[in-house]
Amino acid sequence: MYQHIRDLREDADLSQRQLAQLLHISQATYSRYERGVLDIPSEVLIQLAQFYRTSVDYLLDRTDDRTPPKQKKGTPRTC
C-alpha cells in the first residue's frame, strides 16, 4: 500500500511537504503514512484517491488497476 502512495507522489513530482499541505497535515505525519509507521485514516485515503484520480482499492494495494471507479450520475466530485 505504502509503495503505491509514494509512487503516485513521485510520479506527480510532489514533495512530501507539498502533499502534506494539500492534506492539511504536517510533513512528518505524511512521512509516517508513507513509511507505514502510522495508519492512514479513511478520510485521507479518500482525499488521496480523489487527488490522484484513482481508487482507494489501488491505494490499499487491493488492485494494480489505477483506473478510478466510475462515478454515479449526480454525485459531486471533490478534490
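See above for the structure.
The paragraphs below set out a description of the structure included in this document. (Residues numbered from 1 in each chain as written. Predicted model: local features only at pLDDT ≥ 70, side-chain atom pairs only at ≥ 80, totals over all residues. Heavy atoms only, no water.)

## Brief notes about the overall build of the chain
Within the chain, the regular secondary structure consists of 5 helices and 0 strands. The 79 residues of the chain split such that 30% are buried. Within the chain, contacts between residues separated by at least 24 positions form 48% of all contacts whose residues are at least 6 apart in sequence. Split by element, the accessible area of the chain, about 5400 Å² in all, is 47% carbon and sulfur. (Helix = DSSP H or I, 4+ residues; strand = E, 2+ residues; numbered from the N terminus. Buried < 20%, exposed > 50% of the residue type's maximum accessible area, 1.4 Å probe, protein only. Contact = heavy atoms within 4.5 Å. Areas by Shrake-Rupley, 256 points an atom, 1.4 Å probe, with all protein chains shown as cover.)

## What to know about the packing of helix α2 (residues 16-23) against helix α4 (residues 42-52)
Between α2 and α4, whose axes approach to 11 Å, the crossing angle comes to 110°. The orientation of α2 relative to α4 falls into the category roughly perpendicular. For the element pair α2 and α4, the recorded crossing hand is right-handed. In contact with Leu19, Leu22 and Leu23 of α2, α4 contributes Val44, Gln47, Leu48, Phe51 and Tyr52. (Axes fitted to C-alpha atoms, helices over the stretch in contact; angles between N-to-C directions. Parallel < 35°, antiparallel > 145°, perpendicular 65-115°, else oblique. Left-handed = near helix turned anticlockwise from the far one by under 90°.)

## Observations regarding the environment of Asp57
Looking at where Asp57 falls in the secondary structure, it is placed in helix α5 (residues 56-59). Under the relative-accessibility criterion, Asp57 is labelled partly exposed at 34%. As for Asp57 and Met1, which are separated by 56 residues in sequence, their C-alpha atoms are 9.3 Å apart. Those residues within four positions of Asp57 in sequence are excluded, and the remaining contacts are Arg62 and Thr63.

## Things to note about the packing of aromatic side chains
For any pair of aromatic rings, the description consists of the separation of the ring centres together with the inter-plane angle of the planes. Overall, the coordinates contain 1 aromatic pair when judged by the stated rule. A ring pair is formed by Phe51 and Tyr52, whose centres lie 5.1 Å apart and whose planes are at 75°; its orientation type is edge-to-face. When its relative accessible area of 13% is taken as the criterion, Tyr52 is described as buried. (Phe/Tyr/Trp six-rings, centres within 6.5 Å; stacked < 30°, edge-to-face > 60°.)

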